[in-house]
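# Residue-level structure breakdown
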Amino acid sequence: MTTDVTTTFTLNGREVTLHAEPRVTLLDALRDRLDSPGAKKGCDHGQCGACTVHVDGERVLSCLTLAAQMEGRAVTTIEGLSPAEGEVLHAVQQAFLAEDAFQCGYCTPGQIMSAVACIREGHAGSDAEIREWMSGNICRCGAYNAITAAVRRAAVTLQGEPA
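Residues numbered from 1 in each chain as written. Predicted model: local features only at pLDDT ≥ 70, side-chain atom pairs only at ≥ 80, totals over all residues. Heavy atoms only, no water.

## Some thoughts on the overall build of the chain
The helix and strand tally for the chain stands at six helices and five strands. Reading the chain from its N terminus to its C terminus gives the helix and strand order β-β-α-β-β-β-α-α-α-α-α. Here the C-alpha radius of gyration of the chain, 16 Å, is about what a compact globule of 163 residues would show, namely 15 Å. The dimensions of the chain, computed from C-alpha atoms along their principal axes, are 50 × 35 × 25 Å. Relative to its full complement of 163 residues, the chain shows a buried share of 45%. Looking at the chain alone, contacts between residues at least 24 apart form 53% of all its contacts between residues at least 6 apart. Summing over all exposed atoms, the chain offers an accessible surface of approximately 8,300 Å²; the carbon and sulfur share of this is 48%. Both charge centroids of the chain, one from 13 positive and one from 20 negative side chains, sit 5 Å from each other. (Helix = DSSP H or I, 4+ residues; strand = E, 2+ residues; numbered from the N terminus. Rg over C-alpha atoms; globule rule 2.2 N^0.38 Å. Buried < 20%, exposed > 50% of the residue type's maximum accessible area, 1.4 Å probe, protein only. Contact = heavy atoms within 4.5 Å. Areas by Shrake-Rupley, 256 points an atom, 1.4 Å probe, with all protein chains shown as cover. Lys, Arg positive; Asp, Glu negative; His and termini not counted. Charge placed at Lys NZ, Arg CZ, Asp CG, Glu CD.)

## Brief notes about the environment of E15
In this structure, E15 sits in strand β2 (residues 14-20). The sequence separation of E15 and R152 amounts to 137 residues, and the corresponding C-alpha distance is 33 Å. For E15, the residues in contact, after removing those within four places along its chain, are T8, F9 and T10.

## Side note on the packing of aromatic side chains
One pass over the structure, following the stated rule, counts one aromatic pair. With centroids separated by 6.2 Å and ring planes inclined at 65 degrees, the aromatic side chains of F96 and F102 adopt a geometry described as edge-to-face. Given the relative accessible area of 0%, F96 is considered buried. (Phe/Tyr/Trp six-rings, centres within 6.5 Å; stacked < 30°, edge-to-face > 60°.)

## Remarks on helix α2 (residues 91-98)
For α2, the complete set of buried residues consists of A91, V92, Q93, A95 and F96. Of the surrounding elements, those touching the buried residues of α2 are α3 (108-120) and α6 (144-158). Once α2 ends, the next one or two residues include D100, with phi positive near 50 degrees.

## Brief notes about the sheet that holds strand β1 (residues 5-11)
Pairing within the open sheet is mixed, and its five strands lie in the order β2-β1-β5-β3-β4. Either end of the sheet is taken by a strand with one partner, and the two such strands are β2 and β4 (58-61). Looking at each pair of strands side by side, their axes are set apart by 40 degrees on average, direction ignored. Pairing between β1 and strand β5 (residues 74-76): two bridges, direction parallel. Within β5, the position partnered with T10 by the bridge is A74. In this fold α3 packs onto β3 (52-55), β4 and β5, with an angle of close to 45 degrees to the strand it touches most, β3. (Pairing = 2+ DSSP bridges. Axes fitted to C-alpha atoms, helices over the stretch in contact; angles between N-to-C directions.)

## Side note on the packing of α2 against α3
Where α2 meets α3, the closest approach of the two axes is 9 Å, and the angle between their N-to-C directions is 120 degrees. Considered as vectors, α2 and α3 are oriented oblique to each other. Handedness of the crossing formed by α2 with α3: right-handed. Between α2, through V92, Q93 and F96, and α3, the contact on the second element is made entirely by T108, Q111, I112, A115, V116 and I119. The class makeup of the residues in the contact of α2 with α3 is six nonpolar, three polar and no charged. (Parallel < 35°, antiparallel > 145°, perpendicular 65-115°, else oblique. Left-handed = near helix turned anticlockwise from the far one by under 90°. Nonpolar A, V, L, I, M, F, W, Y, C, P; charged D, E, K, R; others polar.)

The values are spatial; any link to function lies outside them.
And the structure:
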């Protein structure tokens, strides 16, 4: 019998305490236990990027990350993206809407989280660079060109501001 572990961390700005088996992934904890369904379960092998979230500001694949590893860390999901003052949506979300950067929309939360990180990391200087750093999130999507344009648009909007 496996004993649950207790993990306390910040989720979208609020402290949460999770009691779960040590083998529970961050993705499953978010979706099934912490009422944060934005990260999607796609391939469950870390290849599609639908499960992308930020941990301490860095993008991670939550399907490959154990929830127990989050002790004392800060997790941000699509639900926790902060818009600029006076805005309803984050600049990347606005750019995705403006560029119609969707196909079916299933992977969009992971794409947006990766795009925010891509911009924050300084990897949005050209279409080629965006495609390289977003490759796991856009390689199979029919909205590929629109997603690249959305990241480029958001990077211009956020220039000089933290993403």
